[in-house]
Protein chains: 2
Amino acid sequence: MKIKLSAQLQLAMISAALLCTSTYAASMTDPLPSWNDGAAKKSIIDFVQTTTSANSPQYVQPDQRIAVFDQDGTLWVEQPMYTQVMFALDRVQALAPQHPEWKTKQPFKSLLLKDKEAIAKFTLKDLEQIMMVTHTGMTVEAFHEIVNDWIAKAKNPRWNRPYTDLIYQPMLEVMNYLRANDYKTYIVTGGGQAFVRVYANKVYSVPRDQVIGTAIETKYSYDQKGNGVLLRMPKLLLNNDQAGKPEDIDLFIGRHPHAAFGNSTGDQQMLEYTQASDGAHLMMLVHHDDADREYNYGAKSKIGTFSDALMAEATKRGWSVISMKDDWKRIFPFDK
Amino acid sequence: MKIKLSAQLQLAMISAALLCTSTYAASMTDPLPSWNDGAAKKSIIDFVQTTTSANSPQYVQPDQRIAVFDQDGTLWVEQPMYTQVMFALDRVQALAPQHPEWKTKQPFKSLLLKDKEAIAKFTLKDLEQIMMVTHTGMTVEAFHEIVNDWIAKAKNPRWNRPYTDLIYQPMLEVMNYLRANDYKTYIVTGGGQAFVRVYANKVYSVPRDQVIGTAIETKYSYDQKGNGVLLRMPKLLLNNDQAGKPEDIDLFIGRHPHAAFGNSTGDQQMLEYTQASDGAHLMMLVHHDDADREYNYGAKSKIGTFSDALMAEATKRGWSVISMKDDWKRIFPFDK
């Protein structure tokens, strides 16, 4: 009995030692290896430590650990055009044989003729029309399959790689780091919720119910066998951009986030709302200033506009601006 | 060394034995002790075993284990009036001093005079007006506090207990049993999302982001300090009833549920949509046939109508009807 007890104790001590070693090893491993040392990286690590150390005065309860991420320009490349718009343009080509009337009907005519001059002049209404014909009029399952097939094959012309390869390695590390510290990570995108849900789990480890996006109405109906189906209707339900972002965060989550990441004027209200949470919070904006490795754009870009007013707001409110050029050691997972 | 190794082995064997015992014990413990043995109870246990046993042909992947529950009449008492309507009526009394015009303005006048005859004749528009003045015009946080204070004090007149005591013990057991088997449990209620979120975690262990309900619009604005706030607006955004239930399930979850529990005509489409999922599914309706321990109502009740058409649909589609009287050994947690 004595021998057994001592062996048990010895085992317990070995276990404890192993546990300490692994905790020590974890704390010594850099959770953000693709980030250069600097203010941006430090603010992320400080935030996580401040909100998750049990004895911290700014400790955040696990059920309140919410982090939100814009997608286009924050998690993946949005230039020269949003990926979802590329999808819509490809769909118009694919659907053209079923729509002979498009040969003479704008905006489809210009699109099918690949008339770049006319396309550049498309109005918001033209784009809306293109989005609606390519995104509605089918069941939610059928749309999912269409996007799934497209995203597996389509390639970004500059890198000649699938769009889902063009994700930012440093941001994946932030998401993983937050999740490892019991943060629930949501995508809050101006892009289509149903579009992003198709690949979000595979690409970002964000499950469908944590994707908040622009959403159209669906209509409950029945198929020929009498089974319940949902049809995608050409009517906007949620415009998840600007003020729509905090409004939809409340609708879907019911809490203020404690961390928010964006890159353009469409993210301002989301960051403001995050800052209005009790206790510690982290607001960051990705600044695309790296023409060499990605793009350099800002106030003058129509896509992903980082206006001077947004920069002024960031300075006034003390938000962190991430310089892609200076803060990121590596841009894409495929970079060495 | 030999002794140590053998002690280790001995420990390993003891651990293994303990593990087996606890697995055995768990499988022998009744997960639904408040249910009488019968078809309803069996269908729940069969469903869980069929969808979670690794070698089952109808195994459901953990990320697809979604179970949805109506609230009023399915998880708690809805008679003689929905709890949220009781809240609204109490709020009219509380707000009356700030609204002297209500003394002469309908429907408020009748309410303040407690004119039962007039109240019984309220139109849908009257009720909407009452809901809007009591549920909108404040920040989301202020509304949360108002409901939180009310629900802590208000009592159901028949049982003289808080409304949150009047929850069905057998349904709590179903929720726990499903969660223990990696099902994510959602409330999908015709009631107000913001109202139910106040107590759902405490009462049902359902966090805020798993409460889907009728929702009004919010408007992003700023308080006097320039902090972002959301104001509750008198405009319906989601009517989470009937066809709205599957539509909102897609919006919030993005998947078909595999299990759905309801009790009235408002739940039919949610059950149909659940049945349209791939693989095994479970559709159940609580039937209030126990006047002695709770209520006996059905097709003729305005609240929680279980129409003859719904009963016919349940029969046709093979849904389980739970008899409160016969299937439930115990109704409330406080019952002995």
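Just above, that's the structure.
For every chain, the first residue of the written sequence is number 1, and numbering continues from 1 onward in sequence order. To read the labels, note that chains go from A and ligands from 1, taken in the order they are written. Residues qualify for local features only when their pLDDT is at least 70, as the model is predicted, and side-chain atom pairs are given and counted only at 80 or more; totals for whole chains, interfaces and linings, by contrast, use all residues. Note that water and hydrogens are dropped before the side-chain values are worked out from all heavy atoms of the structure.

Trainee: How do you make sense of the sheet that holds strand β7 (residues 259-262) of chain A when you look at a structure like this?
Mentor: One bridge is not enough; two strands pair if DSSP finds at least two bridges between them. Starting at the N terminus, helices and strands are each numbered in turn, a helix being any DSSP run of H or I of at least four residues and a strand any DSSP run of E of at least two. The sheet built from seven strands is open, its strands ordered β6-β5-β4-β1-β7-β8-β9 (chain A) with mixed pairing. With partners counted over all chains shown, the strands left at the sheet margins are β6 (228-238) and β9 (320-323) of chain A, one partner each. Neighbour-to-neighbour, the strand axes of the sheet open up by a mean angle of 35 degrees, direction not taken into account. Two elements, β7(A) and strand β8 (residues 282-287) of chain A, share four bridges in a ladder whose sense is parallel. By the bridge assignment for β8(A), A:Phe261 is matched with A:Met284. Whether two residues touch is decided by their heavy atoms; if any such pair falls within 4.5 Å, the residues are in contact. Fitted lines through C-alpha atoms serve as axes, helices being fitted only where they are in contact, and the angles separating the N-to-C directions of these axes extend from 0 to 180 degrees. Sheet strands in contact with helix α2 (residues 39-52) of chain A are β7, β8 and β9 of chain A, and its direction is about 155 degrees off that of β8(A). Across the face of the sheet, helix α12 (residues 268-275) of chain B comes into contact with β5 (211-222) and β6 of chain A while running at roughly 95 degrees to β5(A).

Trainee: Would you mind showing me how to read a negative patch on the surface here?
Mentor: A surface patch of negative charge is lined by A:Glu141, A:Glu145, A:Asp149 and B:Asp278. With respect to the helices, strands and loops of the structure, A:Glu145 is situated in helix α7 (residues 140-153). Residues form patches when they are more than 30% accessible in relative terms and have no salt bridge. Like charges link within 9 Å. Nonpolar side chains (Val, Leu, Ile, Met, Phe, Trp, Tyr) link within 5 Å. The method behind every accessible area is Shrake-Rupley, applied with a 1.4 Å probe, and residues are considered shielded solely by the protein chains displayed. Every case where a carboxyl oxygen of Asp or Glu lies within 4 Å of a side-chain nitrogen of Lys or Arg is listed as a salt bridge. By the counting scheme adopted, Arg and Lys are positive, Glu and Asp are negative, and His together with the chain ends is not counted. Taken as the charge location is NZ of Lys, CZ of Arg, CG of Asp or CD of Glu.

Trainee: How should the pairing of β9(A) be read in this particular structure?
Mentor: Of the pairings in the sheet, the one linking β8(A) to β9(A) comprises four bridges and is parallel in character. In the sheet register, A:Val286 faces β9(A), and the bridge partner there is A:Ile322.

Trainee: What is the right way to read empty space enclosed by the protein from this model?
Mentor: Where empty space is left can be seen by rolling a probe of water-molecule size over the atoms. As defined here, a cavity is a set of points on a 1 Å grid over the protein atoms alone where a 1.4 Å probe fits but cannot get out. A pocket is an open set with protein on both sides within 12 Å along at least five of seven lines, and residues line them when an atom is within 4 Å of a point. Grid points are joined across faces, edges and corners, and a volume is the space filled by probe spheres set on the points. Inspection of every chain in the model, using the stated rule, returns three cavities of 30 Å³ or more. If you add up the space inside the largest cavity, you get close to 80 Å³. Forming the walls of the largest cavity are A:Lys184, A:Tyr186, A:Asp209, A:Gln210, A:Phe252, B:Lys184, B:Tyr186, B:Asp209, B:Gln210 and B:Phe252. Contributing elements (two or more residues each) for the lining of the largest cavity: β4 (184-192) of chain A together with β4 (184-192) of chain B.

Trainee: Hey, could you run me through the pattern of salt bridges in this one?
Mentor: Should their charged atoms come close, side chains of opposite charge can pair. All names here are of chain A. This model, assessed by the stated rule, comprises 24 salt bridges over all chains. Close ionic contact of Arg161 with Asp165 constitutes a salt bridge, the shortest N to O distance being 3.1 Å. Partly exposed residues are those whose accessible area sits between 20% and 50% of the maximum for their type, while under 20% is buried and over 50% is exposed, using a 1.4 Å probe and protein chains only. You can call Arg161 partly exposed: its relative accessible area is 28%.

Trainee: Explain the sheet that holds strand β7 (residues 259-262) of chain B here, please?
Mentor: In a beta sheet, neighbouring strands are held together by backbone hydrogen bonds and run either parallel or antiparallel to one another. Residues and elements named next belong to chain B. Across the sheet, seven strands lie side by side as β6-β5-β4-β1-β7-β8-β9; this open sheet has mixed pairing. The open sheet has two free edges, formed respectively by β6 (228-238) and β9 (320-323), since each of these has just one partner strand. Across the sheet, the mean angle separating the axes of adjacent strands is 35 degrees when strand polarity is ignored. Bridge analysis of strand β1 (residues 66-69) against β4 gives four bridges, and the strand direction is parallel. By the bridge assignment, Ala67 is partnered in β4 with Thr185. In the packing of helix α11 (residues 244-252) onto the sheet, contacts are made with β1, β4, β5 (211-222) and β6, and the angle to β4 comes to roughly 130 degrees.

Trainee: Hey, could you run me through the relation of the copies chain A and chain B in this one?
Mentor: Note: a rotation about an axis with an accompanying shift along it relates these two copies of the chain. Overlaying chain A on chain B yields an RMSD of 0.0 Å, the required transformation being a rotation through 180 degrees with an accompanying axial translation of 0.0 Å. Classification of the inter-copy transformation places it as that of a two-fold axis. Mapped onto chain B, 100% of the interface residues of chain A are again interface residues, and the two copies thus contact each other with one and the same surface. C-alpha atoms of residues with pLDDT of at least 70 in both copies form the basis for the least-squares superposition of the copies.

Trainee: I tried to follow the interface of chain A and chain B on my own but got confused; where do I start?
Mentor: Where the parts come together, the accessible area they lose is often given as the size of the interface. If you look at the interface, chain A gives 40 residues, while chain B gives 41 residues. Using a 1.4 Å probe, buried area is obtained as the accessible area two parts lose upon being combined, added over both of them. At the boundary of chain A with chain B, total buried surface from both sides reaches about 3600 Å², with 52% on carbon and sulfur atoms. Viewed at the interface, chain B and chain A are joined by two salt bridges. Note that A:Asp209 and B:Lys184 form a salt bridge whose closest N and O atoms lie 2.5 Å from each other. Residues adjacent in sequence count toward polar contacts only when both atoms are side-chain atoms; beyond that, a polar contact is any pair of N or O atoms within 3.5 Å, and within protein one must be able to donate a hydrogen and the other to accept it. Remark: the boundary between chain A and chain B carries 22 residue pairs in polar contact (both at pLDDT 80 or more). Of all the secondary-structure elements, those providing two or more residues to the side of chain A that touches chain B are α1 (2-28), α7, β4, α9 (193-204), β5, β6, α10 (244-252) and α11 (268-275) of chain A. Take the side of chain A that touches chain B: its biggest share by element is six residues, from α1(A). Throughout, the ten residues Ala, Val, Leu, Ile, Met, Phe, Trp, Tyr, Cys and Pro are labelled nonpolar, Asp, Glu, Lys and Arg are labelled charged, and all others, Gly among them, are labelled polar. Grouping the amino acids of the side of chain A that touches chain B by side-chain chemistry returns 18 nonpolar, 10 polar and 12 charged.

Trainee: What exactly am I supposed to notice about the packing of aromatic side chains here?
Mentor: Any two aromatic rings considered together are summarised by their centre-to-centre distance and by the angle between their planes. Residue and element names in this part refer to chain A. Centres within 6.5 Å are what make two rings of Phe, Tyr or Trp a pair, Trp counting through its six-membered ring; a difference in plane orientation under 30 degrees is then read as stacked, over 60 as edge-to-face, and the rest as tilted. Applying the stated criterion to the full structure yields 38 aromatic pairs over all chains. Note on Trp35 and Trp328: the rings are 5.9 Å apart at their centroids and 75 degrees apart in plane angle, and the pair reads as edge-to-face. Here the residue Trp35 occupies a position in the loop between α1 and α2, and Trp328 occupies one in the segment after α13 (324-327), the gap between them amounting to 293 residues. With a centroid separation of 6.4 Å and 50 degrees between ring planes, the pair formed by Trp150 and Phe195 is classed as tilted. One end of the pair, Trp150, is in helix α7; the other, Phe195, is in helix α9, and 45 residues separate them in sequence. For the residue pair Trp150 and Phe195, the accessibility class agrees, reading buried in each case. In this scheme, the term charge over a ring applies when either NZ of a lysine or CZ of an arginine sits within 6 Å of the ring centre and within 35 degrees of the ring normal. For Arg232, the ring lying beneath its charged end belongs to Phe143, and the centroid distance is 4.0 Å.

Trainee: What is the right way to read the packing of helix α2 (residues 39-52) of chain B against helix α8 (residues 169-180) of chain B from this model?
Mentor: To characterise two packed helices, one gives the angle between the axes of the helices and the distance between these axes. All names here are of chain B. Following both chains from N to C, one finds α2 and α8 inclined at 10 degrees, their axes separated by 11 Å at the closest point. Compared by their axis directions, α2 and α8 come out roughly parallel. For the element pair α2 and α8, the recorded crossing hand is right-handed. Of the residues in α8, those touching α2 at Ile44, Ile45, Phe47 and Val48 are Val174, Tyr177 and Leu178. Classifying every residue of the contact of α2 with α8 gives seven nonpolar, no polar and no charged. Working definition: roughly parallel below 35 degrees, roughly antiparallel above 145 degrees, roughly perpendicular at 65 to 115 degrees, and oblique for all remaining angles. Handedness of each helix crossing follows the sense of rotation of the near helix against the far helix: counterclockwise by less than a right angle gives left-handed, clockwise gives right-handed.

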